[in-house]
Amino acid sequence: MVLGGGAAIDLALGAAGPDLEVYALAKKPGAPFADMITVGRTANNDVVLNDVTISRFHAYFKSVDGEWRVCDAGSKNGTTLLGNALEARKEESIKSGQAVAFGDVETTFYTAAELFNVLSSIR
């Protein structure tokens, strides 16, 4: 797992198990929107999810006063947090271990410490 730029948060796709994929939430050098970590289908996003239900710029994460927030960027297929649809362009607080889905891609948001605990428990 790579945590670039001092990022302390990770996005883990799927359930903990052999098919687990981990995406570090970190800024790509030269990527737009310096204050947010973008999620989308195109290569200019910080986290790229190659799925037809993902918009080119689907959503973003940002840290505000030590709290992480997630926001749908007006995507076609929406973003959900704990199964509840997010209102487009309205940031919502997100905590480690909470389920967030982008279109049909289901994920779980983890801090680095919590992700380490999850991965350590896999045998």
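What counts and how
- Residues numbered from 1 in each chain as written.
- Predicted model: local features only at pLDDT ≥ 70, side-chain atom pairs only at ≥ 80, totals over all residues.
- Heavy atoms only, no water.
- Helix = DSSP H or I, 4+ residues; strand = E, 2+ residues; numbered from the N terminus.
- Buried < 20%, exposed > 50% of the residue type's maximum accessible area, 1.4 Å probe, protein only.
- Contact = heavy atoms within 4.5 Å.
- Areas by Shrake-Rupley, 256 points an atom, 1.4 Å probe, with all protein chains shown as cover.
- Patch = residues over 30% accessible without salt bridge, like charges linked within 9 Å, V, L, I, M, F, W, Y side chains within 5 Å.
- Salt bridge = Lys/Arg side-chain N within 4 Å of Asp/Glu carboxyl O.
- Pairing = 2+ DSSP bridges.
- Polar contact = N/O pair within 3.5 Å; in protein donor to acceptor, adjacent residues only side chain to side chain.
- Phe/Tyr/Trp six-rings, centres within 6.5 Å; stacked < 30°, edge-to-face > 60°.
- Core = buried A, V, L, I, M, F, W, Y, C linked by side-chain atoms within 4.5 Å.

## Some details on the overall build of the chain
- When you go through the chain residue by residue, the secondary structure sums to 1 helix and 11 strands.
- Overall, the chain shows an N-to-C arrangement of helices and strands of β-β-β-β-β-β-β-β-β-β-β-α.
- When each of the 123 residues of the chain is scored for burial, the buried share is 40%.
- Partitioning the contacts of the chain with sequence separation of at least 6, the portion at a separation of at least 24 is 35%.
- Here the chain has roughly 6800 Å² of accessible surface; of this, 50% comes from carbon and sulfur atoms.

## Quick notes on a nonpolar patch on the surface
- Residues Val22, Leu119 and Ile122 make up a contiguous nonpolar surface patch of roughly 190 Å² in combined accessible area.
- By secondary structure assignment, the location of Val22 is in strand E2 (residues 21-24).

## Details of the sheet that holds strand E5 (residues 59-64)
- Read across the open sheet, the 5 strands follow the order E4-E3-E5-E6-E9; overall the sheet is mixed. At either margin of the open sheet sits one strand with a lone partner, and together these are strand E4 (47-48) and strand E9 (92-93).
- Pairing of strand E3 (residues 37-40) with E5, which is carried by 3 bridges, proceeds in the antiparallel orientation. Bridging across to E5, Thr38 finds its partner in Tyr60.

## Some remarks on the side chain of Asn45
- Looking at the secondary structure, you find Asn45 in the loop between E3 and E4.
- By relative accessible area, which is 3% here, Asn45 ends up buried.
- Of note is the side chain of Asn45, whose polar atom sits 3.1 Å from the side chain of Thr38.
- Beyond its immediate sequence surroundings of up to four residues, Asn45 is in contact with Lys28, Thr38, Val39, Gly40, Arg56 and Phe57.

## Digging into the pairing of E3
- Residues Ile37 and Val39 point to one face of E3 and Thr38 and Gly40 to the other, with burial holding for every one of them.
- Relative to E4, E3 is paired through 2 bridges, and the arrangement is parallel. When the sheet's bridge partners are listed, Gly40 is paired in E4 with Val48.

## Focus: the packing of aromatic side chains
- In the structure shown here, the tally under the stated rule is 4 aromatic pairs.
- Ring geometry for Phe61 against Phe102: centres 6.1 Å apart, planes inclined by 75°, an arrangement best described as edge-to-face. One end of the pair, Phe61, is in strand E5; the other, Phe102, is in strand E10 (residues 98-102), and 41 residues separate them in sequence.
- An aromatic cluster is defined as three or more aromatic residues linked by ring pairs; in this entry it consists of Phe61, Trp68, Phe102 and Phe109.

## Details of the nonpolar core
- Of all hydrophobic cores here, the largest spans 17 residues; its most connected members are Leu49, Phe61, Val70, Ile94 and Phe102.
- Those elements giving two or more residues to this core turn out to be E3, E5, strand E6 (67-72), E10 and strand E11 (105-111).
- Excluding residues within four positions of it along the chain, Ile94 makes contact with Phe61, Trp68, Arg69, Val70, Leu81, Val100 and Phe109.

## Focus on the environment of Asp35
- For Asp35, the position within the fold is in the loop between E2 and E3.
- Here the alpha-carbon distance between Asp35 and Tyr60, two residues 25 residues apart in the chain, equals 9.9 Å.
- Within the structure, the side chain of Asp35 is placed 3.3 Å from the side chain of Lys62, a separation counted as a polar contact.

It is worth stressing that arrangement in space is one thing and function is another; only the former is reported here.
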